Every structure is written in C-alpha cells, then in structure tokens.
Amino acid sequence: MDLGVRWKLHGDGRTPAPGAVVRPDERLSWPRTIGLGAQHVVAMFGASFVAPVLMGLNPNLAIMMSGVATVLFLLATRGRVPSYLGCSLSFVGVAAVIRAQGGTSATVTGACFVTGTVLFLVGLAVQRFGAQVIHAAMPPIVTGAVVMLIGFNLAPVTASTYWPQDQWTALLTMLFTGMAVVCLRGFWSRIAIFLGLVFGYALSWALDRIFGRIHSVDGSGKVTDHWRLDLSGVSHADWIGLPSFHGPTFEWSAILVALPVVIALVAENAGHVKAVGEMTGDPLDDKLGTAISADGVASMLSTAVGGPPNTTYSENIGVMAATRVYSTAAYWAAAAFALLFGLCPKFGAVVAAIPGGVLGGITVILYGMIGLLGAQIWTNARVDLRNPLNLVPAAAGIIIGVGGVTLKFTDNFSLSGIALGTIVVITGYHALRAFAPAHLKQGTPLLDAGTSSYDDGDPSASS
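Residues numbered from 1 in each chain as written. Predicted model: local features only at pLDDT ≥ 70, side-chain atom pairs only at ≥ 80, totals over all residues. Heavy atoms only, no water.

S.K.: Hey, could you run me through the overall build of the chain in this one?
M.R.: Assigned secondary structure in the chain consists of 21 helices and eight strands. Along the longest, intermediate and shortest principal axes, the C-alpha atoms of the chain span 65 × 60 × 50 Å. Within the span of the chain, comprising 463 residues, buried residues form 50% of the whole. Counting only contacts in the chain whose residues sit at least 6 apart along the sequence, the fraction spanning at least 24 positions is 78%. Of the accessible surface of the chain, which amounts to about 20,500 Å², a share of 65% is contributed by carbon and sulfur atoms. Charge-centre separation for the chain: the mean point of 25 positive side chains lies 6 Å from the mean point of 24 negative side chains. (Helix = DSSP H or I, 4+ residues; strand = E, 2+ residues; numbered from the N terminus. Buried < 20%, exposed > 50% of the residue type's maximum accessible area, 1.4 Å probe, protein only. Contact = heavy atoms within 4.5 Å. Areas by Shrake-Rupley, 256 points an atom, 1.4 Å probe, with all protein chains shown as cover. Lys, Arg positive; Asp, Glu negative; His and termini not counted. Charge placed at Lys NZ, Arg CZ, Asp CG, Glu CD.)

S.K.: Before we go on, may I ask you to explain the packing of helix 13 (residues 261-280) against helix 14 (residues 288-304) in this structure?
M.R.: Working note: a packed helix pair is described by the angle between its axes plus the distance between those axes. Orientation of helix 13 relative to helix 14, taken along the N-to-C sense of each, is 135°, at an axis distance of 10 Å. The angle between the axes of helix 13 and helix 14 places the two elements in the oblique class. As for the relative orientation of helix 13 and helix 14, their crossing is right-handed in sense. Between helix 13 and helix 14, the residues in contact are Val-266, Asn-269, Ala-270 and Val-273 and Leu-288, Ala-291, Ile-292 and Asp-295, respectively. Along the lines of polarity and charge, the residues of the contact of helix 13 with helix 14 split into six nonpolar, one polar and one charged. (Axes fitted to C-alpha atoms, helices over the stretch in contact; angles between N-to-C directions. Parallel < 35°, antiparallel > 145°, perpendicular 65-115°, else oblique. Left-handed = near helix turned anticlockwise from the far one by under 90°. Nonpolar A, V, L, I, M, F, W, Y, C, P; charged D, E, K, R; others polar.)

S.K.: It is not clear to me how a nonpolar patch on the surface should be interpreted in this structure. Could you clarify?
M.R.: A cluster of nonpolar side chains, namely Leu-385, Leu-391, Val-392 and Leu-432, defines an oily patch on the protein surface of about 280 Å² accessible area. Following the sequence through the fold, Leu-432 ends up in helix 20 (residues 417-435). (Patch = residues over 30% accessible without salt bridge, like charges linked within 9 Å, V, L, I, M, F, W, Y side chains within 5 Å. Salt bridge = Lys/Arg side-chain N within 4 Å of Asp/Glu carboxyl O.)

S.K.: Just to check I follow, could you spell out the confidence of the model for the chain for this structure?
M.R.: Detailed conclusions should not be drawn from predicted coordinates in areas where pLDDT is low. Averaged over every residue, the pLDDT of the chain is 82; residues scoring 70 or more account for 91%. The low-confidence segment residues 444-463 (pLDDT under 50) makes 20 contacts with residues lying over four places distant or belonging to another chain. (pLDDT = per-residue confidence, 0-100.)

S.K.: Explanation requested: the nonpolar core in the structure shown.
M.R.: Nonpolar side chains in soluble globular proteins tend to be buried together. Ranked by internal contacts, the top residues of the largest apolar core, which has 87 residues, are Met-55, Val-92 and Tyr-367. Both of domain 1 (23-138 + 185-225 + 243-355) and domain 2 (384-437) provide at least three residues apiece to this core. Among all residues touching Tyr-367, those that are not within four sequence positions of it are Leu-54, Val-92, Gly-151, Leu-154, Val-157, Thr-158 and Tyr-162. (Core = buried A, V, L, I, M, F, W, Y, C linked by side-chain atoms within 4.5 Å. Domains from an automatic or database assignment.)

S.K.: It is not clear to me how helix 14 should be interpreted in this structure. Could you clarify?
M.R.: For the α-helix, the turn length of 3.6 residues means that residues three or four positions removed from each other point alike. Relative to the 24 Å expected for 17 residues at 1.5 Å per residue, helix 14 spans 24 Å between its end C-alpha atoms, a close match to the ideal helical length. Counting buried residues along helix 14, 14 of its 17 residues qualify, which places the element largely inside the surrounding structure. Taken from the residues just after helix 14, Gly-306 is the one with a positive phi, measuring 105°. (Expected span 1.5 Å × (residues − 1).)

S.K.: Got a minute to help me understand the side chain of Asp-166 in this structure?
M.R.: The residue Asp-166 is located in the loop between helix 7 (155-162) and helix 8 (167-183) in this model. A polar contact of 2.6 Å, which involves the side chain of Asp-166, links it to the side chain of Thr-169. Not counting chain neighbours up to four residues away, the residues in contact with Asp-166 comprise Leu-207, Ile-214, Arg-228 and Gly-357. (Polar contact = N/O pair within 3.5 Å; in protein donor to acceptor, adjacent residues only side chain to side chain.)

S.K.: Teacher, can you tell me more about the environment of Thr-70 here?
M.R.: Along the polypeptide, Thr-70 turns up in helix 2 (residues 59-76). With relative accessibility at 0%, the residue Thr-70 sits in the buried group. Along the backbone, Thr-70 and Ala-298 are 228 residues apart, and their C-alpha atoms lie at a distance of 8.0 Å. Aside from chain neighbours lying at most four places away, what touches Thr-70 is Ser-83, Tyr-84, Leu-85, Tyr-331 and Ala-335. A distance of 2.8 Å separates a polar side-chain atom of Thr-70 from the backbone oxygen of Ser-66.

S.K.: Honestly, the packing of aromatic side chains in this entry has me stumped. Any pointers?
M.R.: In this description, an aromatic ring pair is defined by two values, namely the gap between the centres and the angle between the planes. Under the defined criterion, the tally for this structure stands at four aromatic pairs. A ring pair is formed by Phe-176 and Phe-199, whose centres lie 4.3 Å apart and whose planes are at 5°; its orientation type is stacked. One end of the pair, Phe-176, is in helix 8; the other, Phe-199, is in helix 10 (residues 192-211), with 23 residues separating them in the sequence. Over the aromatic face of Trp-227 sits the side chain of Arg-209, whose NZ or CZ is 5.7 Å from the ring centroid. (Phe/Tyr/Trp six-rings, centres within 6.5 Å; stacked < 30°, edge-to-face > 60°. Lys NZ or Arg CZ within 6 Å of the ring centre and 35° of its normal.)

S.K.: Whenever I open this one, the domain arrangement of the chain confuses me. Can you help?
M.R.: The parts lose accessible area when they come together, and the size of an interface is often stated as this lost area. According to the domain assignment, the chain consists of domain 1 (23-138 + 185-225 + 243-355) and domain 2 (384-437). A separation of 28 Å is found between the C-alpha centroids of domain 1 and domain 2. On the domain 2 side, the residues contacting the eight residues of domain 1 number seven residues. It is Leu-256, Pro-260 and Ile-263 that lose the most area in domain 1 upon contact with domain 2, and together they represent 52% of the buried surface on that side. Counting every contact that joins domain 1 to domain 2 gives zero salt bridges. Put simply, domain 1 and domain 2 have zero residue pairs in polar contact (both at pLDDT 80 or more) between them. Of all the secondary structure elements, the ones that give two or more residues to the side of domain 1 that touches domain 2 are helix 3 (92-100), helix 5 (132-137) and helix 12 (252-258). Across the side of domain 1 that touches domain 2, the residue classes tally to seven nonpolar, one polar and no charged. (Buried area = accessible area lost by both parts, 1.4 Å probe.)

The following block contains the structure:
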C-alpha cells in the first residue's frame with residue numbers, strides 16, 4: 001500500500017528548476033527539507049498557539065496534537081495533499097460561549113469532538129456522492145454567512161476580556177500587526193501574527209520595567225495591580241515532560257453551539273484542496289472527501305485527549321506558494337518539530353504567559369479577518385445580495401448570531417448566538433427557495449439596482 005512516504009529527489013536537490021515546482025511526491029535535499037519543515041512550524045505559530053490560549057486549553061498539548069493530526073492527514077491522503085493541521089480559530093467563539101454558560105475545558109472538547117465526528121461523516125458523504133452534495137446543502141450564500149457570524153460573534157470577547165487588560169499595549173500591538181500584514185512581503189507577511197505576538201511580548205516586558213505594574217482588570221476579570229507579563233510559570237516548568245490530558249464530557253447545549261463550525265471547516269478544507277490542486281497542476285477533487293474525513297478524525301483524536309480541534313492552515317499554503325515547494329516530506333519534518341515542542345512544558349509556559357493586552361491587539365485583527373472570510377466567499381462566488389433570496393436569510397442569521405439573540409423553548413433548553421444564527425441561515429435559505437418565484441432562483445435581482453450602483457460596470461453609477 002502506497003502511504004505517500006517515498007519521495008524522488010527534485011533536480012539537484014537545492015532549488016526548484018526554473019518554472020517548475022517541487023511536487024508532493026518529490027523533495028529537496030534532507031537538510032533543506034528539514035529547514036522548510038521548521039519554516040512551516042514558524043508560519044503556523046501565531047494562530048496555532050493563540051487559538052488554544054483563547055480557548056483555555058493547554059498550548060503544549062495543542063501543538064503536540066497538531067503534529068499527530070498532520071501525520072494522520074498525510075497518511076490518509078496518501079501524500080497527495082500537502083497540508084499542516086493546526087488548532088482551528090473557528091472554535092474560539094464556540095469555546096467562549098460554552099465557558100460563558102458555565103462549561104469546563106472538558107465540555108469544550110466534548111462539543112468539539114462531536115463536531116469532528118460530524119465533519120468525518122460529511123467527508124464520507126462527499127466521497128460517496130461527490131462535492132456537489134456540499135454545494136447543494138451549503139451554497140456560498142449560506143457558507144459565507146455562517147463564517148461571517150462565527151468571526152464577528154467574537155467581537156465582545158476582545159472588547160470585554162482582552163483589550164481592557166492593557167489598552168495601550170493592545171493598540172500598539174494592533175498597529176504593529178496591521179503594518180506587518182500589509183507592508184511585509186513573502187514569508188514575513190505569512191508570519192505577521194507571530195511577529196505581532198513577539199512585538200507585544202517585548203513591549204509588555206519593557207513597559208513593566210519602565211512603569212511597573214499596571215492597574216487594570218487581569219485575566220480573571222478582577223481589577224488589580226499586576227504585571228503585564230508574568231513569567232513566574234516559566235521558571236517552574238520542566239524542560240521535558242508530557243502535557244496534561246483530560247477526557248471530554250458531552251452536553252447538548254454546548255454541542256449545539258459547536259456544530260455550526262462544521263460549515264466553516266468544510267469551506268476551509270475545500271478551499272485548501274482546490275488551491276493546492278491549482279498550484280501544483282494536479283487536480284485533487286477526488287481527494288476532497290478524504291481530506292475532510294481526515295480532518296474530522298484528527299479533530300476527534302485531539303479532542304478525545306483534551307486538545308483542540310484541528311484544520312488545514314492557509315498560512316502554510318502561503319509558504320508553499322512563496323517557495324514553490326509542495327513536498328509532503330517538509331510537512332513530516334514540521335510534524336516532528338511540533339511533537340518536540342509539545343514535549344517541552346517550559347515552551348508551553350512561555351506561550352501561556354502571553355499578556356492579555358497583546359491578545360487584545362492581535363484578536364482585533366484576527367477575529368475581523370475570520371469574519372471577513374465570509375465576505376470573501378461571497379465575492380469569489382459572485383453572490384448577488386440584491387436578490388432577497390440571498391439577502392434575507394443571510395441578514396437575519398448574521399444579526400442573530402452576532403447580536404446573541406436567544407430563542408427559549410423551555411427553562412432548560414434554548415438556542416442563541418452562533419447555533420441559532422446558523423439554523424436561521426440554512427433553514428431560512430432552503431425554505432425561502434422552496435417558495436420563491438423562478439426568476440429569483442435564477443439570480444435576477446428584485447431590489448433597485450441603485451443599491452449597488454458602485455459596482456464596476458454599472459452604467460447608472462455616478463461619480
């Protein structure tokens with residue numbers, strides 16, 4: 001059985017040939033391949049370490065399980081889909097909602113485990129019926145709206161939890177990160193979040209030395225005098241050791257909050273497989289179902305031991321595009337590095353010590369980018385928001401999801417936020433489509449064209 005663990009040497013093993021790419025079944029020399037693996041780890045550092053911290057989970061376990069998840073994914077796809085699997089930011093809002101309801105880390109991972117199971121089943125359905133089953137159930141208007149409400153639902157977390165801990169560090173970190181994203185080029189732009197974390201870390205240390213303790217809310221929400229950067233946990237942590245594990249617990253209220261993230265994960269996987277196929281010149285549509293299922297199994301495995309769920313990382317697609325190296329051998333090297341980092345508790349303590357103000361500055365950009373990915377889905381699919389069949393369910397679902405609207409059924413059961421918003425978008429779209437006149441289903445807009453007169457090519461546009 002071919003597991004995709006044999007690679008042919010590309011050219012002289014030093015650099016890709018002019019106009020060529022290093023294909024998934026090829027590699028450069030081993031020293032260069034290992035170096036590329038380290039580069040992939042750095043690329044995913046920012047998001048993959050911030051996510052478990054924001055979810056209240058062990059960052060050491062998160063990075064170790066990301067290595068395990070990557071290996072599982074590479075084996076499942078037989079080495080045809082180069083990808084790194086790291087902690088999914090789509091679950092950060094889910095974790096915040098569950099904890100606000102009194103849930104524990106076990107409750108969070110239990111809800112994510114069920115979501116991973118559903119994702120695995122979706123992958124099997126795609127393998128059986130083809131990718132068209134995704135588009136039929138979740139057309140771009142639905143997918144974009146759900147991704148958008150998941151991202152923007154996180155806004156209160158930044159505003160009420162992280163930013164108030166140190167508003168000036170948050171502001172400066174936000175500005176630095178934004179500049180890094182926009183102004184840097186190539187690989188450096190791909191690790192802008194990581195660079196923002198390093199900047200904020202150093203800034204917090206400097207402000208502590210210059211001004212002393214800050215009087216503000218701390219991580220627990222209490223107003224106290226405290227250090228911006230508390231490294232006391234680092235000195236007590238061991239250099240080598242296993243991270244702490246725990247099993248999941250299952251509560252329906254938490255599961256219903258987490259399930260909508262399946263839509264975002266399907267969209268992420270589909271986009272990743274399509275992008276890699278286009279860049280390598282090897283169509284991978286036949287691997288889409290396998291990739292989705294592998295992502296689901298990897299998330300189930302991680303959450304079963306107390307880690308976060310995983311997904312494919314766009315940062316690593318950027319590294320591949322910049323280097324023209326799509327070798328899965330580099331991802332095996334990256335997975336090995338992740339396992340080593342996961343076995344260093346001192347490293348995890350450094351990550352866990354990220355100051356709240358730094359997270360405030362980072363999450364302002366990060367959460368907004370997650371939400372606007374929904375708008376990008378609409379743009380790429382040319383979704384017409386002048387058509388009320390698209391506009392009405394998306395508008396209602398987003399406001400419900402972002403605003404935290406609650407629908408109470410009994411004293412012990414209610415739907416709100418992300419869960420209710422997603423249900424409104426999906427059921428609303430398909431129900432309205434069943435009764436809509438034929439011209440709306442064909443995409444002909446009903447609303448006044450003046451509402452989008454700024455569109456390119458609109459003859460009614462005025463300066």
